[in-house]
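Secondary and tertiary structure notes
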Amino acid sequence: VAANVFSGLSGAKTEMATAHLSRHTDPSRRTLAVSAARVQLQALALLGTLLFTPTNWVLTALLPESTWGMLRFRLLISLCVFGCGFGVIVLCCSAGTLVFHSSEA
């Protein structure tokens, strides 16, 4: 159940985040903010892709497939969920600093 909750809060819904950012950013800075967000998302995707192989090597060495079977695969899949969960916790803890003032409100 917890994995489903984290999965529902995942960063895979980038269109919603971009729309929120666009809506609540001053029009003169909107292009810069959206561009910066896209660069950040691309950098995180690249970092995740680059870290997959070393992480797989470590898990293969620590958890041989002959002994652990599907557990290694499940750990790899759950790494993303843990990352998203960490992000949600950080956002919740820093909610007070993420205040925006919309001119339309």
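About the criteria used
- Residues numbered from 1 in each chain as written.
- Predicted model: local features only at pLDDT ≥ 70, side-chain atom pairs only at ≥ 80, totals over all residues.
- Heavy atoms only, no water.
- Axes fitted to C-alpha atoms, helices over the stretch in contact; angles between N-to-C directions.
- Helix = DSSP H or I, 4+ residues; strand = E, 2+ residues; numbered from the N terminus.
- Left-handed = near helix turned anticlockwise from the far one by under 90°.
- Contact = heavy atoms within 4.5 Å.
- Nonpolar A, V, L, I, M, F, W, Y, C, P; charged D, E, K, R; others polar.
- Expected span 1.5 Å × (residues − 1).
- Bend = angle between axes of the 7 residues up to and from the residue.
- Parallel < 35°, antiparallel > 145°, perpendicular 65-115°, else oblique.

Re the packing of helix α3 (residues 30-62) against helix α5 (residues 70-93)
At a closest axis distance of 10 Å, the pairing of α3 and α5 adopts a crossing angle of 145 degrees. Both α3 and α5 take part in a crossing whose hand is right-handed. Facing F52, T55, N56, L59 and T60 of α3, the residues of α5 in contact are R72, L75, L76 and L79. Each residue belonging to the contact of α3 with α5 can be placed in one class, and the counts come to five nonpolar, three polar and one charged.

Quick word on α3
Compared with the 48 Å implied by 1.5 Å per residue over 33 residues, the 47 Å span of α3 between its first and last C-alpha is a close match. Maximum bend of α3: about 30 degrees, positioned at F52, with proline P54 one to four residues after it.

Things to note about the packing of helix α2 (residues 14-23) against α3
It is at 9 Å that the axes of α2 and α3 come closest, and there the two elements cross at 155 degrees. It follows that α2 is roughly antiparallel to α3 by the angle criterion. Pair α2 / α3 crosses with right-handed handedness. Where α2 abuts α3, its residues T14, T18, L21 and S22 lie against R30, A33, V34, A37, R38 and L41. Here the residues of the contact of α2 with α3 are counted per class, giving five nonpolar, three polar and two charged.

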